[in-house]
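Take a look at the letters that make up each chain.
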Amino acid sequence: MAFVRGTLRINLLKTCSGKSKYGEAQNLVGRNELEIKNNIRDSKTSQDEKFSDAIANFHNGDLDMALEQATALVDAGYGHAYSLLGAIYENEKSPRVATDFQKALFYYQMGADTVGAVESWLGLGRLFYLGKGVPQNYQKAFEYYSTIAEDIDNQVAHLMLGKMYLNGEGRKTNYALAKRHLEAARKNDYVFAYTYLGTLCFREKHNLRGLMNRVRATWKAAILTLFHPRDPRLRRI
């Protein structure tokens, strides 16, 4: 599972951490307001940089270091790091950090509740869709994906909603709605949007169109995998 940095910069909920720091600092005697704002900005920038380093370590397979960095960020009040902790514990390929879906669920829930981190919403949807650490529940997965598809037009969420309408998972099969969501993801060149649209075309007996979509999916996947293996457009869930 790829962890995408860009989606983490979008909040569904308002975070008050910056305001609280400003309010506390405002009460300090003799502090200039501009200095206070600059200190807050510098602190935020520093945390963003540390978070970028943690994500890089996660992608490079150094989960020990990523775990240490993400934990320190959470302890410092940086709520987006909850999503990274969830991804670390969901990861099933590291020999050094044990997979723990219950911890992943906890941290994803914290990320969603505290700062509305998009990767947390996607993580929750993924755990319930696949039944990792929880009973498989397409209905709950559908609700998580719907939230961020509607609120911020998230493409992975559109992809999953299209797939679920296509296969009757969490909702009755509805090809029209499946196509609407898959087209939203396809417009942004998500590879599996072409794959699932191909399946939809085959089911509706539009075989040539279905074949063309499958060919596009294969070609785009090959190009992205070769030159941009971590491109979010390769995500399927």
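For the structure, see preceding data.
**Q** Explanation requested: the overall build of the protein chain in the structure shown.
**A** For the protein chain, the count of helices and strands is 11 helices and zero strands. What you see in the protein chain, going N to C, is helices and strands ordered as α-α-α-α-α-α-α-α-α-α-α. Expressed as a percentage of the 237 residues in the protein chain, the buried residues total 44%. If you take every contact in the protein chain between residues at least 6 apart in sequence, the share linking residues at least 24 apart comes to 52%.

**Q** Would you mind going over a nonpolar patch on the surface with me for this structure?
**A** On the surface, Leu 208, Leu 211, Met 212 and Val 215 cluster together to form a nonpolar patch covering roughly 400 Å² of accessible area. Position of Val 215 relative to the elements: it lies in helix 11 (residues 207-227).

**Q** Is there a simple way to think about helix 5 (residues 101-115) in this case?
**A** Three- or four-residue spacings in an α-helix give side chains the same orientation, since the helix completes a turn every 3.6 residues. When the terminal C-alpha atoms of helix 5 are compared, their 21 Å separation across 15 residues agrees well with the 21 Å that a helix rising 1.5 Å per residue should span. When helix 5 is considered as a whole, its buried residues turn out to be Ala 104, Leu 105, Tyr 107, Tyr 108, Gly 111, Ala 112 and Val 115. Looking at the buried side of helix 5, the elements it contacts are helix 4 (81-90) and helix 6 (118-130). By the N-cap criterion, in which a side-chain oxygen at the helix start approaches the backbone nitrogen of a residue two or three places on, helix 5 is capped by Asp 100, the distance to Gln 102 being 3.2 Å.

**Q** Sorry, what's going on with the packing of aromatic side chains here?
**A** Between two aromatic rings, the relevant description is the distance of the centres plus the angle of the planes. As enumerated under the stated definition, the model contains nine aromatic pairs in all. Between Trp 121 and Tyr 144, the aromatic rings sit 5.9 Å apart at their centres with planes inclined by 65 degrees, giving edge-to-face as the arrangement. With a gap of 23 residues between them, Trp 121 in helix 6 and Tyr 144 in helix 7 (residues 138-152) connect regions that are remote in the sequence. The buried category is assigned to Trp 121, whose relative accessible area is 15%. For the ring pair Phe 142 and Tyr 165, a centre distance of 5.4 Å and an interplane angle of 90 degrees mean the geometry is edge-to-face. Residue Phe 142 is located in helix 7, and its partner Tyr 165 is located in helix 8 (residues 155-167); the two are separated by 23 residues in the primary sequence. Both residues of the pair, Phe 142 and Tyr 165, belong to the buried class. One aromatic cluster in this structure is built from Tyr 82, Tyr 89, Phe 106 and Tyr 107.

**Q** Looking at this model, I keep getting lost on helix 7. Mind explaining?
**A** Here helix 7 is 15 residues long and its end C-alpha atoms lie 21 Å apart, about the 21 Å a rise of 1.5 Å per residue gives. By the burial criterion, the buried members of helix 7 are Ala 141, Phe 142, Tyr 144, Tyr 145, Ser 146, Ile 148 and Ala 149. Buried residues along helix 7 sit in contact with helix 5, helix 6 and helix 8. Of the residues that open helix 7, the one with a side-chain oxygen 3.1 Å from the backbone nitrogen of Gln 139 is Asn 137. Taken from the residues just after helix 7, Asp 153 is the one with a positive phi, measuring 60 degrees.

**Q** What's the story with the environment of Leu 130 in this structure? I'm lost.
**A** Position of Leu 130 relative to the elements: it lies in helix 6. On a C-alpha basis, the gap between Leu 130 and Ala 141 in space is 9.0 Å, while along the polypeptide they are 11 residues apart. When neighbours within four sequence positions are excluded, Leu 130 is seen to be in contact with Gln 136 and Ile 237.

**Q** Explanation requested: the environment of Leu 127 in the structure shown.
**A** One can find Leu 127 in helix 6. Remark: the alpha-carbon pair of Leu 127 and Asn 137, spanning 10 residues in sequence, is separated by 8.9 Å. Among all residues touching Leu 127, those that are not within four sequence positions of it are Glu 90, Phe 101, Ala 104, Leu 105, Tyr 108, Lys 132 and Val 134.

**Q** What's the story with the environment of Ala 176 in this structure? I'm lost.
**A** Examined against the element boundaries, Ala 176 turns out to sit in helix 9 (residues 175-186). Residues Ala 176 and Tyr 165 lie 11 residues apart in sequence; the distance between their C-alpha atoms is 8.6 Å.

Reading the values: rules and limits
Residues numbered from 1 in each chain as written. Predicted model: local features only at pLDDT ≥ 70, side-chain atom pairs only at ≥ 80, totals over all residues. Heavy atoms only, no water. Helix = DSSP H or I, 4+ residues; strand = E, 2+ residues; numbered from the N terminus. Buried < 20%, exposed > 50% of the residue type's maximum accessible area, 1.4 Å probe, protein only. Contact = heavy atoms within 4.5 Å. Patch = residues over 30% accessible without salt bridge, like charges linked within 9 Å, V, L, I, M, F, W, Y side chains within 5 Å. Areas by Shrake-Rupley, 256 points an atom, 1.4 Å probe, with all protein chains shown as cover. Salt bridge = Lys/Arg side-chain N within 4 Å of Asp/Glu carboxyl O. Expected span 1.5 Å × (residues − 1). Polar contact = N/O pair within 3.5 Å; in protein donor to acceptor, adjacent residues only side chain to side chain. Phe/Tyr/Trp six-rings, centres within 6.5 Å; stacked < 30°, edge-to-face > 60°.

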